[in-house]
Amino acid sequence: MEEHEDLPAVWDEALLARTRPALVVNHRFDRFRGEALTARLSALAPEDREIVHGLYEWLGAVEGIAGATGDPPTERARRLRAHLDANPVGRRVRAMQSFGRATAALGSDPVIAKVLHDVRGGPLTGLLMMLQMAEAGHAAPEDLLRVHFRVRDHRKIMRGALLELDDPRRERDRSLKRHDVQLLVEKWSGARVPVEGDGGVREVSVRLDQRFDGSVCESCIEFTALDRVLYNLINNALRHARGGGVHAVLSAVPEGEPTDLHVAVANRVAPADAAALRGRFGDELGGLFAGGYSTTGSGLGMRICADMVGNAYGLDEPEDCVDGGYLGAVLEGDVFGAWFHWPLVAD
């Protein structure tokens with residue numbers, strides 16, 4: 001188990017135990033390959049297609065610089081700032097502020113709406129602010145690793161969710177290759193993420209406790225689906241965290257002969273947020289995963305979590321996922337916690 005003494009725990013063991021059902025049953029006959037909640041790029045309005053192509057190429061250049069591990073960090077930081085001077089972050093921020101409006105005007109499509117949500121959110125949420133700091137010369141060389149993880153993840157999410165964007169790379173992402181839980185640990189353990197709120201930008205820390213080590217996905221594209229769930233949960237926690245940061249626990253169930261990854265994310269919330277949740281849902285917070293409820297956004301992020309987990313276990317409706325304990329949420333005092341399961345890769 002990996003501990004972080006400098007970051008306070010939010011989960012306590014009694015509350016965490018309530019998030020683990022007695023049994024998790026996989027109803028699929030074959031393994032979920034991660035290919036869900038996708039849309040064709042050609043289904044987007046021309047204005048949005050242009051934004052997507054520009055963002056993907058711009059992030060590709062950033063990935064090439066931040067991930068060039070053969071170069072000294074100071075040189076990479078210098079090259080990154082020079083690239084951003086020539087290709088300003090503000091241009092991308094403005095583009096993403098309008099992204100999706102033209103497509104939404106074409107008509108309502110729930111799947112496309114979820115794809116647009118993850119293209120404008122996910123890793124990009126904190127990444128653009130990280131890059132703004134780098135552009136202003138305030139990012140230390142060690143921050144390059146955080147940038148690299150996020151830009152790599154977001155480009156994978158983009159080409160996983162949007163068919164026709166980069167199909168050759170997407171095809172490589174589909175090839176069989178085991179992905180271990182350590183890939184989650186390396187990017188979330190001790191992470192610090194800038195978050196924008198009413199009081200300006202603040203940095204929220206993530207504590208991650210690792211209680212399992214093993215394979216969780218069979219391909220990059222499946223791991224991207226898992227990432228889409230985790231980024232949505234952690235982004236929600238980062239936005240609402242009030243003191244103590246975000247606390248994530250990675251474990252496996254059942255004990256002894258584990259078959260499923262159990263991911264639990266918790267944060268302390270402001271009294272107004274707790275009151276709003278109790279007023280809307282009472283003690284049954286599973287309704288969050290039906291979508292449509294949010295104090296700061298569209299509410300789609302939680303529904304996307306339910307859709308992906310449902311696909312992984314062969315369940316049709318968010319209610320099925322919640323009723324079976326495959327994912328859920330709990331509010332105890334000022335602690336809000338959410339969790340989900342994902343099938344492990346058999347040895």
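Per-chain numbering applies: the sequence of each chain, read as written, is numbered from 1 onward. Local features in this predicted model are restricted to residues whose pLDDT is 70 or higher, and side-chain atom pairs enter the listing and the counts only when it is 80 or higher, whereas totals over whole chains, interfaces and linings include all residues. Side-chain measures were taken over the full set of non-hydrogen atoms in the model, leaving aside hydrogen atoms and water.

Engineer: What should I look at first to understand the overall build of the protein in this one?
Structural biologist: Under the DSSP-based scheme used, a helix requires at least four consecutive residues in state H or I and a strand at least two consecutive residues in state E, with every element numbered from the N terminus. When helices and strands are tallied, the protein shows 14 helices and 10 strands. In terms of C-alpha radius of gyration, the protein reaches 19 Å, essentially the compact-globule figure of 20 Å for 347 residues. Its C-alpha atoms give the protein principal-axis dimensions of roughly 55 × 45 × 45 Å. Counting over 347 residues, the protein shows a buried share of 54%. Within the protein, counting contacts between residues at least 6 apart in sequence, those at least 24 apart form 77% of the total. Accessible surface for the protein amounts to roughly 15,100 Å². Of this, 49% is attributable to carbon and sulfur atoms. Throughout, radius of gyration means the C-alpha value; the globule benchmark is 2.2 Å times the number of residues raised to the power 0.38. Only protein chains enter the calculation, and the probe is 1.4 Å; a residue is then buried if its accessible area is under 20% of its type maximum, exposed if over 50%, and partly exposed in between. Should any heavy atoms of two residues lie within 4.5 Å, those residues are considered in contact. Using a 1.4 Å probe, accessible areas were evaluated by the Shrake-Rupley method; residue-level cover was limited to the displayed protein chains.

Engineer: Just checking my understanding: could you explain the sheet that holds strand E7 (residues 246-253) for this structure?
Structural biologist: One key point about sheets: their strands pair by backbone hydrogen bonds, in either a parallel or an antiparallel sense. For two strands to count as paired, DSSP must find a minimum of two bridges between them. Sheet architecture is open: 6 strands sit in the order E4-E5-E7-E8-E10-E9, paired in mixed fashion. Two strands bound the open sheet, and with one partner strand each, they are strand E4 (192-197) and strand E9 (327-332). Neighbouring strand axes in the sheet, compared pairwise and without regard to direction, differ in orientation by 25° on average. By the bridge criterion, 6 bridges tie E9 to strand E10 (residues 335-343) in an arrangement that is antiparallel. With axes taken as lines fitted to C-alpha atoms, and helix axes fitted only over the stretch in contact, angles between N-to-C directions fall between 0 and 180 degrees.

Engineer: Help me understand unusual backbone geometry, please; the structure alone is not making it clear to me.
Structural biologist: Excluding glycine, a negative phi dihedral is what most residues carry, and trans is how most peptide bonds are arranged. A cis amide bond, omega -10°, links Val253 with the succeeding residue Pro254. Within the secondary structure, Pro254 is located in the loop between E7 and strand E8 (260-268). A positive phi is found at Leu37, a non-glycine position, where the angle reads about 55°. Relative to the helices and strands, Leu37 is located in the loop between helix H1 (13-17) and strand E1 (39-40).

Engineer: What is the right way to read the pattern of salt bridges from this model?
Structural biologist: Opposite charge on two side chains allows them to pair when their charged atoms are near. Take a side-chain nitrogen of Lys or Arg and a carboxyl oxygen of Asp or Glu: if they are within 4 Å of each other, that pair is a salt bridge. Taken as a whole and judged by the stated rule, the model has 25 salt bridges. Glu35 is the salt-bridge partner of Arg174, the closest N and O atoms lying 2.8 Å from each other. Linking Arg174 in helix H9 (residues 167-174) with Glu35 in the loop between H1 and E1, this pair joins segments that are 139 residues apart in sequence. Residue Arg174 is classed as partly exposed on the basis of its relative accessible area of 35%. A salt bridge links Arg192 to Asp143, with the shortest nitrogen-to-oxygen separation between them at 3.5 Å. Of the two residues, Arg192 sits in strand E4 while Asp143 sits in helix H8 (residues 143-161), which places them 49 residues apart along the sequence. Beyond isolated ion pairs, a larger network of salt bridges with shared partners links Glu35, Arg170, Glu171 and Arg174.

Engineer: I'm lost on the environment of Gln132 in this one. Help?
Structural biologist: Tracing the backbone shows Gln132 in helix H7 (residues 124-135). C-alpha separation for the pair Gln132 and Gly244, spaced 112 residues apart in sequence, amounts to 25 Å. Ignoring sequence-local partners within four residues, the contact set of Gln132 consists of Val89 and Val93.

Engineer: Where do I start with the pairing of E8 in this structure?
Structural biologist: Where a strand is regular, its side chains alternate between the two sheet faces. Counting buried positions along E8 yields 8 of 9 residues, so the element is predominantly enclosed. Pairing of E8 with E10, which is carried by 9 bridges, proceeds in the antiparallel orientation. Bridge pairing in E10 places His262 opposite His341.

Engineer: Any chance you could explain H7 here in plain terms?
Structural biologist: Because the α-helix completes a turn every 3.6 residues, residues three or four places apart line up on one side. Multiplying one less than the number of residues by 1.5 Å gives the expected span of a helix. The terminal C-alpha atoms of H7, which comprises 12 residues, lie 16 Å apart, in line with the 16 Å expected from a rise of 1.5 Å per residue. Residues of H7 that are buried: Leu124, Gly126, Leu127, Leu128, Met129, Met130, Leu131 and Ala134. Looking one or two residues beyond H7, the residue adopting positive phi is Gly137, at roughly 80°.

Engineer: Please explain the packing of aromatic side chains as it appears in this structure.
Structural biologist: The description of an aromatic ring pair uses the distance of the two centres, along with the angle that the planes make with each other. Working definition: a ring pair exists when centres of Phe, Tyr or Trp rings (six-membered ring for Trp) sit within 6.5 Å. Plane angles under 30 degrees give stacked, over 60 give edge-to-face, the rest tilted. Applying the stated rule across the entire model yields 3 aromatic pairs. An angle of 55° between the planes, with centres 4.9 Å apart, marks the rings of Tyr313 and Tyr326 as tilted. Pair noted here: Tyr313 is in helix H13 (residues 300-313) and Tyr326 is in the loop between helix H14 (318-323) and E9, with a separation of 13 residues, a long-range link. Here Tyr313 and Tyr326 have matching classes, each one buried. For a Lys NZ or an Arg CZ to count as sitting over a ring, it must be within 6 Å of the ring centre and within 35 degrees of the ring normal. The ring centre of Tyr56 lies 3.9 Å from the NZ or CZ of Arg155, which sits over that ring.

Engineer: What is the right way to look at the packing of helix H2 (residues 46-66) against helix H3 (residues 73-86) in this model?
Structural biologist: Any two packed helices are characterised by how steeply their axes cross, that is the angle between the axes, and by the distance between the axes. At a minimum axis distance of 9 Å, the contact between H2 and H3 shows a crossing angle of 160°. Considering their axes alone, H2 and H3 lie roughly antiparallel with respect to each other. Considering only the axes of H2 and H3, their crossing is right-handed. Contact residues: H2 offers Trp58, Ala61, Val62, Ile65 and Ala66, while H3 offers Arg76, Arg79, Leu80, His83 and Leu84. Along the lines of polarity and charge, the residues of the contact of H2 with H3 split into 7 nonpolar, 1 polar and 2 charged. Throughout this description, any angle smaller than 35 degrees is read as roughly parallel, any larger than 145 degrees as roughly antiparallel, any in the 65 to 115 degree range as roughly perpendicular, and the remainder as oblique. We call a crossing left-handed when the near helix sits turned anticlockwise from the far one by less than a right angle, and right-handed when that turn is clockwise. Three classes are used, and their members are as follows: Ala, Val, Leu, Ile, Met, Phe, Trp, Tyr, Cys and Pro are nonpolar, Asp, Glu, Lys and Arg are charged, and the others, Gly among them, are polar.

Engineer: I would appreciate a short explanation of the environment of Val195 in the present structure.
Structural biologist: Checked against the element boundaries, Val195 lands in strand E4. Along the chain, Val195 and Met129 lie 66 residues apart, while their C-alpha atoms are 8.0 Å from each other. Sequence-distant contacts of Val195, defined by excluding residues within four places in its chain, comprise Met129, Gly200, Val201, Arg202, Val204, Leu238 and Arg239.

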